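A look at the structure
If you want the building blocks of each chain, they are given just below.
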Amino acid sequence: MNILIKGGHVVDPANKCDGIFDILIEKGAISLIEKSITKEGAKVIDARGKFVLPGLVDMHAHLRQPGREDEETLYTGTLAAIKGGFTSVCCMPNTNPAIDNQGVVEYIYSENKKIGLINIYPIGAITKNREGTQLTEMGELKKAGIVAVSDDGSPVLNAEIMRRALEYAKMFNLTVVSHCEDKNLSAGGFINEGYCSTVLGLKGIPAEAESVMVAREVELARLTGSKIHIAHVSTFGSVELIRRAKKEGIKITAETCPHYFSLNEEDVFGYNTNFKVNPPLRTKEDVISIKEGLKDGTIDVIATDHAPHADFEKDIEFEQAAFGMIGLETALSIAIKELLNPGVINLKQLVEKMSLNPSRILNLNKGTLSPGAGADLVILDVKEEWTVEKEKIVSKSKNSPYLGCRLPGKVAYVICQGKIVSITQ
């Protein structure tokens, strides 16, 4: 089916496109972008008053399959992604079994082919079973289709192993995604170490548990000349280290998540376990630093770190509850509310951080509306508002810290590989 999108405000940073255009989709690809297009027999979508953007790319999500289908599945994660405007999602390897061999990679691609809605790309483990001791066969994983390597959820504590991982990944043009956490500093902690942890009587996790490891990764990237990507940046110190490393020419990129620029440690008052996440919510000063890092390009990507958990893992005492919160359905709206509407960044920058940059970092060939490219795009009404309601969450888990919040930005259409996969009007 040919699709003709009429009169939308197209924002495509890759092609420096920012204006009112029509878009013709033929045979699953972008065929033409011009001021006015007519095409007999095409399905017409009226996009007047809305923005037409490249489909969003989430380079950091936990879809739990295989192993924890009670929390999330590839299918329910796909539905959550579509609702949030994502056409491509990279799933982290902390599954059971871990994504540390070709069989699991092939399984994920096979299962997603059956679903047939959006693109799902596996990220392979750095070490076998994510235990931090023995490197995986990255070459074989690359052949099977991984797009990066990470032990996310667990840091690679041994610096020698991380050095060899960086060297090994470089041979296959794979980016290493680092979960920066010094477990010796964070062990036993539940929230950010500081005033709030003292008042609440909860053991804290110091900001240095993150920044110490970021500093190590900077030096290892300098030593090896390899690409390093820092996951879920949450602290002022980490932003400063990454900013300095970029100025020195080190091949480093970084991501943060919506909760690190919209929430802070004070939100934990009340012991609501939906606010328990790792790394923890930090100080108001850290939030300001994260926003500054997004504005000046120190932080390249906004990822969700979508971490679904079943009710029985969250509806318990704070100390025993699992770390993590879902984010695929709310990430775009939180970014609009906290970054776009206040003028921290503009829409072009937002598209770069949620589509183009993650695609480039992982060599996905996404994040663009270039003629000939696969037709992955989202049609967005930035003015329309919606309320986060538990019963309307399509993720299998409901552990969102934004329940009850009124948010701007409603996804009208999602088109992936030339097919309309959602209509929420």
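Per chain, residues are indexed from 1 in the order of the written sequence. In keeping with the model being predicted, local features are shown solely for residues with a pLDDT of at least 70 and side-chain atom pairs are shown and tallied solely at 80 or more, while totals for entire chains, interfaces and linings include all residues. Water and hydrogen atoms were dropped before computing side-chain values, which therefore reflect all heavy atoms in the structure.

The buried fraction of strand β14 (residues 252-256) amounts to five of the five residues, a majority that puts the element mostly inside the structure. Think of it in three bands: residues with accessible area under 20% of the maximum for their type are buried, residues over 50% are exposed, and the middle band is partly exposed, with areas taken using a 1.4 Å probe on protein chains only. Helix and strand definitions follow DSSP, with helices as H or I runs of at least four residues and strands as E runs of at least two, each counted in order from the N terminus. Judged by which residues are buried, β14 turns out to be covered on both faces: Ile252, Ala254 and Thr256 on one side and Thr253 and Glu255 on the other are all buried. At least two DSSP bridges between two strands are needed for those strands to be called paired. Inspection of the sheet shows strand β13 (residues 228-230) paired to β14 by three bridges, in the parallel sense. Across the sheet, the residue bridging to Ile230 is Ala254, located in β14.

Burial analysis of strand β6 (residues 56-61) places six of its six residues in the buried class, the great majority of the element. The pairing of β6 with strand β7 (residues 86-91) spans four bridges and is classified as parallel. By the bridge assignment for β7, Leu56 is matched with Phe86. Traced from β6 through helix α1 (residues 74-83) to β7, the parallel crossover comes out right-handed. Here the term right-handed applies to a crossover when the path leading from its first strand over the helix to its second strand runs clockwise, the strands being oriented away from the viewer.

A few words on helix α4 (residues 159-171). Spanning 13 residues, α4 covers 19 Å between terminal C-alpha atoms, matching the ideal 18 Å at 1.5 Å per step. Those residues of α4 that sit buried are Ile161, Met162, Ala165, Leu166 and Ala169. End-on view of α4: buried residues confined to an arc of 140°, all on one side of the axis. Any two residues whose heavy atoms approach within 4.5 Å are treated as being in contact. Along its buried surface, α4 packs onto α3 (138-144), β9 (148-150), β10 (175-178), α7 (208-224) and β13. One or two steps after α4, the chain reaches Asn173, where phi turns positive at roughly 55°. An expected span of 1.5 Å times one less than the residue number is assigned to each helix. In this description, one arc is meant: the one made by directions from the helix axis to the C-beta atoms.

Quick look at the pattern of salt bridges now. Salt bridges are identified by distance alone: a Lys or Arg side-chain nitrogen within 4 Å of an Asp or Glu carboxyl oxygen. The final tally for this structure, using the stated rule, is 27 salt bridges. The salt bridge involving Lys291 is made with Glu338; its shortest N-O contact spans 3.4 Å. Separated by 47 residues along the polypeptide, Lys291 in helix α10 (residues 284-296) and Glu338 in helix α12 (residues 331-340) bring together distant segments of the chain. The closest approach of N and O atoms between Lys366 and Asp376, which form a salt bridge, is 3.1 Å. Highlighted residues: Lys366 in the loop between α13 (347-361) and β16 (377-387) and Asp376 in the loop between α13 and β16, separated in sequence by ten residues. Like Lys366, the residue Asp376 is buried in the burial classification. Salt bridges sharing common partners tie together Arg64, Arg68, Asp70, Glu71 and Glu313.

Time to look at the packing of helix α8 (residues 236-247) against α10. In the contact formed by α8 and α10, the axes pass within 8 Å of each other and the chain directions differ by 25°. The orientation of α8 with respect to α10, classified from their angle, is roughly parallel. The chirality of how α8 crosses α10 is left-handed. Facing α8, whose interface residues are Phe236, Val239 and Arg243, α10 presents Asp286, Ser289, Ile290, Glu292, Gly293 and Asp296. Note on residue classes: Ala, Val, Leu, Ile, Met, Phe, Trp, Tyr, Cys and Pro are nonpolar, Asp, Glu, Lys and Arg are charged, and everything else, Gly too, is polar. Looking at the contact of α8 with α10, its residues break down into three nonpolar, two polar and four charged. For every element, the axis is a line fit to its C-alpha atoms; helices are fit only across the contacting stretch, and the angle between N-to-C directions ranges from 0 to 180 degrees. Working rule for angles: under 35 degrees goes down as roughly parallel, over 145 as roughly antiparallel, 65 to 115 as roughly perpendicular, anything else as oblique. In a left-handed crossing the near helix is turned counterclockwise from the far helix by less than a right angle, and in a right-handed crossing that turn is clockwise.

With that settled, the discussion passes to the sheet that holds β10. Taken together, the five strands give an open sheet; going across it, the order is β9-β10-β13-β14-β15, and neighbouring strands pair in parallel fashion. The sheet is open, and its two edges are formed by β9 and β15 (301-302), each paired on a single side. Inspection of the sheet shows β10 paired to β13 by three bridges, in the parallel sense. Across the sheet, the residue bridging to Val176 is Ile228, located in β13.

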